[in-house]
Amino acid sequence: MAEAADSRWMRRALDLARRGWGRTHPNPMVGAVLVAGGEVLAEGWHPRAGAAHAERVALDRWPDPVPAEATLYITLEPCASTGRTPPCTDLILARGVRRVVYAAADEDARHRGRGPRQLREAGVEVVGGVLAGEAWDLNLLFHFRAATGRALVAAKWAATLDGRTATRTGASRWITGETAREDVHRWRRYFPAIGAGAGTVMADDPQLTARLPGEPVHCPLRLIFDPSGRLAAHPDRHVFTDSFADRTVLLCREEAADRVLASLPGIRREILPAEGPDRDWLAGVLEAHEAPGLYLEGGARLHSDFLRRGLVDYLFAYRAPLLFLDEEAPGPASGLAPRTPAEGLRLRDVRQAALGEDQLVRGFLAPPPVTP
């Protein structure tokens, strides 16, 4: 009974945490529910970096003494250190909470286990790992950065069942249905940065914004990879002219920088290494722009380059029940040429979702840094 109740209330806490979707970077999304006698006393979630943590929001909404039988459910282990806000463990103890259940551990070695240990030493019953996998997945970017010290780079594509991303004429609208396309916008809202290549910007003129029903248009940082500066001849593209143009950064080689600056004077730029991007350079760019994650939308040339260089950590692959059966139709990437299936890139920690008639398969391109 206790395990079923713990899972039930933790699911409620996870639902609350999702209300901070894409709004809390570099902090994680966290939800908290205070329960006694099978009833919710108070609940809260972390709305943005610098704001009160979910535990504090929930406990502040219950001004009365906490009942002795109450349990506080939290989607991430409570913090025991001072950052922008005081330690949550101090508040939990001060309010007299006697039982705490949390989902995921904090992967940062500086913090992991400290909060639960402090609570247990003070006589609080602490249960960890309830729905840990779901909680860990909710905060992919936070946990990956805590474990590796760098931003997570994800590639995304949509393809037919036979692996084609467009017809031979270049037509790609639309391979997937409306539900799958809305899911892409959800992930655009989640990731603080989106990447696209010059060819995609020239051919499709994408907006690279998150447009979700009932929400204002959101624009993440837009990183446009244009080594030779071809887009200097296309200053009319959306990413250079819309109301979010200040969120666009053009990445080009040194020899193209002056031409880009002359054609696009208001657009920020970064210099690509002459030999192309590598992991340290990319991590530095994302860190400089305070982006703990990059959602790489393509096209095929950019995907291929990043995959060959080992720069992609995670993949979002949308599949539509559609066949082109045309060898001349382009695929999402190329250039690996494995000799056996074992030499191919295999996803780990795979998650799948049905999106209308389409399917999303996503996962790490290497074993995840930490198993929840």
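Residues numbered from 1 in each chain as written. Predicted model: local features only at pLDDT ≥ 70, side-chain atom pairs only at ≥ 80, totals over all residues. Heavy atoms only, no water.

**Quick notes on the pattern of salt bridges**
Here comes step 1: Across all of its chains, the model carries 22 salt bridges by this definition.
Here comes step 2: Two residues, Arg-12 and Glu-43, come together in a salt bridge whose shortest N-O distance is 2.6 Å. Placement of the pair is Arg-12 in helix 1 (residues 2-17) and Glu-43 in strand 2 (residues 39-45), with a sequence separation of 31 residues.
Here comes step 3: Arg-308 is paired through a salt bridge with Asp-305; the nearest N and O atoms lie 3.9 Å apart. With Arg-308 and Asp-305 both in helix 12 (residues 300-308) and 3 residues apart, the pair spans about one turn of that helix.
Here comes step 4: By relative accessible area, which is 19% here, Asp-305 ends up buried. (Salt bridge = Lys/Arg side-chain N within 4 Å of Asp/Glu carboxyl O. Helix = DSSP H or I, 4+ residues; strand = E, 2+ residues; numbered from the N terminus. Buried < 20%, exposed > 50% of the residue type's maximum accessible area, 1.4 Å probe, protein only.)

**Remarks on the sheet that holds strand 12 (residues 314-320)**
Here comes step 1: The strand order across the open sheet formed by 9 strands is 10-9-8-7-11-6-12-14-13, and the pairing between neighbours is mixed. The sheet is open, and its two edges are formed by strand 10 (268-271) and strand 13 (348-355), each paired on a single side. Averaged over all pairs of adjacent strands, the angle between strand axes in this sheet comes to 20 degrees, irrespective of strand direction.
Here comes step 2: Both strand 12 and strand 14 (residues 358-364) contribute to a ladder of 6 bridges, which runs antiparallel. Bridge assignment links Ala-317 to a residue of strand 14, and that residue is Val-361.
Here comes step 3: Its contacts with the sheet put helix 6 (residues 140-148) on strand 6 (152-160), strand 11 (293-296), strand 12 and strand 14, and the angle it makes with strand 14 is roughly 15 degrees.
Here comes step 4: Across the sheet, helix 7 (residues 178-190) touches strand 6, strand 7 (193-197), strand 11, strand 12, strand 13 and strand 14, and the angle it forms with strand 12 is around 165 degrees. (Pairing = 2+ DSSP bridges. Axes fitted to C-alpha atoms, helices over the stretch in contact; angles between N-to-C directions. Contact = heavy atoms within 4.5 Å.)

**Brief notes about the side chain of Thr-209**
Here comes step 1: With respect to the helices, strands and loops of the structure, Thr-209 is situated in the loop between helix 8 (198-204) and strand 8 (221-225).
Here comes step 2: Those residues in contact with Thr-209 that lie beyond four places of it in its chain are His-185, Arg-188, Val-217, His-218, Cys-219, Pro-220, Arg-222 and Phe-244.

**Thoughts on a nonpolar patch on the surface**
Here comes step 1: Judged by side-chain polarity, Leu-161, Leu-323 and Leu-325 come together as a nonpolar surface patch covering roughly 350 Å² of accessible area.
Here comes step 2: On the secondary structure map, Leu-325 appears in the loop between strand 12 and strand 13. (Patch = residues over 30% accessible without salt bridge, like charges linked within 9 Å, V, L, I, M, F, W, Y side chains within 5 Å. Areas by Shrake-Rupley, 256 points an atom, 1.4 Å probe, with all protein chains shown as cover.)

**Considering the nonpolar core**
Here comes step 1: Leu-72, Trp-187, Phe-191, Phe-316 and Tyr-318 are the most contacted members of the largest nonpolar core, which has 76 residues in total.
Here comes step 2: Ranked by residue count, the leading element in this core is helix 1, at 6 residues.
Here comes step 3: Each residue touching Leu-72, except ones within four places of it in the same chain, is listed here: Ala-32, Val-33, Leu-34, Glu-55, Leu-59, Ile-92, Val-97, Arg-99, Val-100 and Val-101.
Here comes step 4: By size, the runner-up hydrophobic cluster in this structure holds 28 residues, among which are Ala-151, Leu-223, Val-249 and Leu-302. (Core = buried A, V, L, I, M, F, W, Y, C linked by side-chain atoms within 4.5 Å.)

**As for the sheet that holds strand 3 (residues 71-76)**
Here comes step 1: Taken together, 5 strands build an open sheet; the order of strands is 2-1-3-4-5 and the sheet is mixed. Both edges of this open sheet fall to strand 2 and strand 5 (125-127), since each of them pairs with a single strand only. With strand direction ignored, the average angle separating the axes of adjacent strands in the sheet is 15 degrees.
Here comes step 2: Taken together, the 6 bridges between strand 1 (residues 31-36) and strand 2 define a ladder with antiparallel strand orientation. If you follow Val-35 over to strand 2, its bridge partner there is Val-40.

**Structural notes on the packing of aromatic side chains**
Here comes step 1: In the structure shown here, the tally under the stated rule is 14 aromatic pairs.
Here comes step 2: Between the aromatic rings of Phe-191 and Tyr-295, the centroid separation amounts to 5.2 Å while the plane-to-plane angle is 25 degrees, which identifies the pairing as stacked. On the criterion of sequence distance, the pair formed by Phe-191 in the loop between helix 7 and strand 7 and Tyr-295 in strand 11 is long-range, its members being 104 residues apart. In terms of burial, Phe-191 and Tyr-295 fall into one category: buried.
Here comes step 3: Between Tyr-314 and Phe-364 the ring centres are 4.9 Å apart and the planes differ by 90 degrees, which places this aromatic pair in the edge-to-face class. Taken as a pair, Tyr-314 in strand 12 and Phe-364 in strand 14 lie far apart in primary sequence, 50 residues in all.
Here comes step 4: With relative accessibility at 1%, the residue Tyr-314 sits in the buried group. (Phe/Tyr/Trp six-rings, centres within 6.5 Å; stacked < 30°, edge-to-face > 60°.)

Bear in mind that shape data such as this cannot, by itself, settle questions of function.
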